Amino acid sequence: MLSLDQCADQYVLALSPREAIVGLSTRADDADSRLRDLARGLPLLRTTLESTLGARPELVVRYWGGDPRLVAQLEKRGARVVTIQEASDFGGVRANVRRVATAMQRQAQGEAVIAKMDARLHRSAGAWRGATALYITPGGFTGGEGTLVHQILKSAGLTPTPPGPGFQPISLEQMALNPPRAVVLGFFRDLMANNHWSLGRHHVMRRLAAERTVASLPGAMLGCPDPSAAEAVEILAAKAPR
């Protein structure tokens, strides 16, 4: 089993027997890798033709890692390549888990991962009772309809605002004139320390973050279309007023 990027790492670490893993990406043990503790002691390989072919994988899991030429060379040499698909809701995450688990012939393990995810979602459902909230990243973007983070907020019972599709830039002027009732931060722990020019450092954003943040979600729960998104839902639900 070989993983070509950090998102694929999460699937391989969650589903594969440890002894079957011949390589993970070099980001598998980074601070924003949700299952980084499981990566300790396993080989971390650069995504090059030499290193990937040298690992002699039978199955390769990828999300964005590996260009088409590398994938073609791996398949030419007999490796099966399974690609994780983008997911805009938890149905898409379930489909990804089943796709990878089936390729590994680990269907029972896949269903166990899905059951754990669904239990988190069930416990968290509706916790905020429809209260409105604005999701903000350090770069000044929010996630609208058709994004997984939009579904994360909705699953916790929040009504994401403003409406609209996809990832959208946030207007500082509008936030100053009409501040959101509640703010959910995403990636702030991961990106702000090394980013001295992001919109998140503007005094309007800092004031809103200080006064109206209900939760700050780590990138490890937001960066990949995987079951850790349900942990973000659980964190949000735990912050709901009782």
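Our subject is the structure listed above.
In this report, we go over the structure that sits alongside the text. Just so we're clear, the structure is a prediction, and the values are computed from it rather than from any experiment.

A separate point is the environment of S51. As for its placement among the helices and strands, S51 is situated in helix α3 (residues 49–54). For the pair S51 and G23, spaced 28 residues apart in sequence, the C-alpha to C-alpha distance is 9.2 Å. What S51 contacts, discounting residues up to four positions off in sequence, is L45 and R46.

At their nearest, the axes of helix α5 (residues 90–104) and helix α6 (residues 107–124) sit 8 Å apart, and the two run at 160 degrees to each other. Judged on the interaxial angle alone, α6 and α5 are roughly antiparallel. Handedness of the α5/α6 crossing: right-handed. For the pair α5 and α6, contact is made by F90, V93, R94, V97, R98, A101 and T102 and by Q107, G110, E111, V113, I114, M117, D118 and L121, respectively. Across the contact of α5 with α6, the residue classes tally to eight nonpolar, three polar and four charged.

This part takes up the sheet that holds strand β8 (residues 159–160). Within a beta sheet, neighbouring strands are joined by backbone hydrogen bonds and run either parallel or antiparallel to one another. Strand order in the open sheet made by the four strands is β8-β6-β10-β11, with parallel pairing throughout. Each edge of the open sheet is held by one strand with a lone partner, namely β8 and β11 (213–217). The sheet contact formed by strand β6 (residues 132–136) and strand β10 (residues 183–186) spans three bridges and is parallel. Following the sheet pairing, Y135 is matched in β10 by V184.

Now for the state of the cysteines. Counted by the stated rule, this structure contains one disulfide. In this model C7 forms its disulfide with C224; the gap between the sulfur atoms is 2.0 Å. Torsion about the S-S bond of the C7 and C224 cystine: about -85 degrees, corresponding to left-handed handedness. Of this pair, C7 sits in helix α1 (residues 6–15) while C224 sits in the loop between β11 and α11 (229–238), placing them 217 residues apart in sequence.

Let's shift gears to the nonpolar core. Membership of the largest hydrophobic core comes to 52 residues, with the highest contact counts inside it found for V61, F90, I152 and L236. Elements with a contribution of two residues or more to this core: α1, β4 (59–62), α5, α6, β6, α7 (148–155), β11 and α11. Apart from residues no more than four positions distant in its own chain, F90 is found in contact with M117, L121, L148, Q151, I152, S155, A229, A230 and V233. In this structure, L172, L185, V204 and L208 belong to the second largest nonpolar core, which totals 11 residues.

Along helix α4 (residues 68–76), the positions that sit buried rather than exposed are L70, V71 and L74. Buried residues of α4, viewed axially, fall in a sector of 100 degrees; they line one side. For α4, the exposed residues set more than 90 degrees away from the buried face come down to P68, R69 and K76. Structurally, α4 contributes buried residues whose contacts are with α3, β4 and β5 (80–83). Immediately beyond the C-terminal end of α4, within one or two residues, lies G78, with a positive phi of roughly 100 degrees.

Basis of the calculations
Residues numbered from 1 in each chain as written. Predicted model: local features only at pLDDT ≥ 70, side-chain atom pairs only at ≥ 80, totals over all residues. Heavy atoms only, no water. Helix = DSSP H or I, 4+ residues; strand = E, 2+ residues; numbered from the N terminus. Contact = heavy atoms within 4.5 Å. Axes fitted to C-alpha atoms, helices over the stretch in contact; angles between N-to-C directions. Parallel < 35°, antiparallel > 145°, perpendicular 65-115°, else oblique. Left-handed = near helix turned anticlockwise from the far one by under 90°. Nonpolar A, V, L, I, M, F, W, Y, C, P; charged D, E, K, R; others polar. Pairing = 2+ DSSP bridges. Disulfide = S-S within 2.5 Å. Core = buried A, V, L, I, M, F, W, Y, C linked by side-chain atoms within 4.5 Å. Buried < 20%, exposed > 50% of the residue type's maximum accessible area, 1.4 Å probe, protein only. Arc of directions from axis to C-beta.

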